[in-house]
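In case you want the letters, here they are:
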Amino acid sequence: DAGITQSPRHKVTETGTPVTLRCHQTENHRYMYWYRQDPGHGLRLIHYSYGVKDTDKGEVSDGYSVSRSKTEDFLLTLESATSSQTSVYFCAIRTGQPGNTIYFGEGSWLTVV
Amino acid sequence: GQQVMQIPQYQHVQEGEDFTTYCNSSTTLSNIQWYKQRPGGHPVFLIQLVKSGEVKKQKRLTFQFGEAKKNSSLHITATQTTDVGTYFCAGPGATNKLIFGTGTLLAVQP
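Note that the structure is a prediction, hence the values are computed from the model and not measured.

S.K.: What is the right way to read the side chain of Lys69 of chain B from this model?
M.R.: Counting through the fold element by element, Lys69 of chain B comes out in the loop between β7 (61-65) and β8 (71-76). Here Val50 of chain B takes part through its backbone oxygen, which lies 2.8 Å from a polar atom of the side chain of Lys69 of chain B.

Dropping the structure here:
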């Protein structure tokens, strides 16, 4: 599993509350990603990071922010959760072997009610 | 922006039948990757293709990269119930991003 841990694995929260999902890796890989997965949309990139304090937006970044203060941790924050953000969130790392292959964490199931 | 589409979205087969999913990119790709996601699980890397026209096999799975490097296919011979899941293709986008296709959900009836 490439040493990736996501927390929490499951969360139910109310609309309007802030939520932070954590991704932790143990192998000091430079690139980390947050994807969301929804039926009919596949995997869509929210934000990614290419180093400590270096982040960039993906295709569905509105309503999300990220932070990476340490190599091993990449945090995804929903500042004010909405029902449209109910989804499965996957963290991923790029190991460079082979090529730009990425490896996923086990996912965080978020329900916004 | 860059798009990666897959067809079909869903396929139901009887165990022992063959299965093929197709992946098409709006842009030329330097490489293409395939992932499998079991129900309730996370996507797992299967293979990467790099060369134009490349064909790779993994047991009953055959992966092909098109000559123009804009399309790819995954063919499973004689499906088994263990093949159930969603198969994604993915290609590199701008600035170290990996763009995933919409996925094909395979159901196999025993």
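S.K.: Even after reading the chapter, I still don't get the pattern of salt bridges, so can you show me in this structure?
M.R.: It is possible for side chains of opposite charge to pair when their charged atoms get near one another. Under the criterion given, the structure shown has seven salt bridges over all chains. The salt bridge involving Lys70 of chain A is made with Asp73 of chain A; its shortest N-O contact spans 3.3 Å. Relative accessible area serves as the criterion here: at 41%, Lys70 of chain A is assigned to the partly exposed category. Arg60 of chain B serves as the salt-bridge partner of Asp83 of chain B, at 2.9 Å between the closest nitrogen and oxygen. Separated by 23 residues along the polypeptide, Asp83 of chain B in the loop between β8 and β9 (85-92) and Arg60 of chain B in the loop between β6 (55-58) and β7 bring together distant segments of the chain.

S.K.: Looking at this model, I keep getting lost on the sheet that holds strand β1 (residues 4-7) of chain B. Mind explaining?
M.R.: Backbone hydrogen bonds hold the strands of a sheet together, and the pairing may be parallel or antiparallel. Residues and elements named next belong to chain B. Spatially, five strands are ordered β1-β3-β8-β7-β6 in an open sheet, and the strand pairing comes out antiparallel. In this open sheet, the two edge strands, each paired with only one partner strand, are β1 and β6. For this sheet, the mean inter-axis angle between neighbouring strands, taken without regard to orientation, is 15°. As judged from the six bridges shared by strand β3 (residues 19-25) and β8, these two strands associate in the antiparallel manner. Across the sheet, Thr20 pairs through a bridge with His75, a residue of β8.

S.K.: Would you explain the packing of aromatic side chains in this entry?
M.R.: For any pair of aromatic rings, geometry is given as the distance between the ring centres together with the angle between the planes. Applying the stated rule across the entire model yields 16 aromatic pairs over all chains. With a centroid separation of 5.2 Å and an interplanar angle of 55°, the aromatic rings of Tyr35 of chain B and Phe100 of chain B are classed as tilted. Here Tyr35 of chain B is found in strand β4 (residues 32-37), whereas its partner Phe100 of chain B is found in strand β10 (residues 98-100), with 65 residues between them in sequence. Each member of the pair, Tyr35 of chain B as well as Phe100 of chain B, carries the same accessibility label: buried. Taken together, the aromatic side chains of Tyr33, Tyr35, Tyr48, Tyr50, Phe90, Tyr103, Phe104 and Trp109 of chain A together with Tyr35, Phe45, Phe88 and Phe100 of chain B make up a single cluster linked through ring pairs.

S.K.: What is the right way to read unusual backbone geometry from this model?
M.R.: Peptide bonds are mostly trans, and most non-glycine residues show a negative phi. With an omega of -10°, the peptide bond between Ser7 of chain A and Pro8 of chain A qualifies as cis. Along the chain, Pro8 of chain A turns up in the loop between β1 (4-7) and β2 (10-13). One non-glycine residue with positive phi stands out, namely Asn28 of chain A, at about 60°. Take Asn28 of chain A: it is sitting in the loop between β3 (19-25) and β4 (31-38). Of note, Ala78 of chain B is a non-glycine position whose phi angle comes to about 50°, a positive value. Among the structural elements, Ala78 of chain B can be located in the loop between β8 and β9. Judged by relative accessible area, Ala78 of chain B falls into the partly exposed class, the value being 31%.

Cut-offs used in this document
- Residues numbered from 1 in each chain as written.
- Chains lettered and ligands numbered in written order.
- Predicted model: local features only at pLDDT ≥ 70, side-chain atom pairs only at ≥ 80, totals over all residues.
- Heavy atoms only, no water.
- Helix = DSSP H or I, 4+ residues; strand = E, 2+ residues; numbered from the N terminus.
- Polar contact = N/O pair within 3.5 Å; in protein donor to acceptor, adjacent residues only side chain to side chain.
- Salt bridge = Lys/Arg side-chain N within 4 Å of Asp/Glu carboxyl O.
- Buried < 20%, exposed > 50% of the residue type's maximum accessible area, 1.4 Å probe, protein only.
- Pairing = 2+ DSSP bridges.
- Axes fitted to C-alpha atoms, helices over the stretch in contact; angles between N-to-C directions.
- Phe/Tyr/Trp six-rings, centres within 6.5 Å; stacked < 30°, edge-to-face > 60°.

Nothing here speaks to function; it is all geometry.
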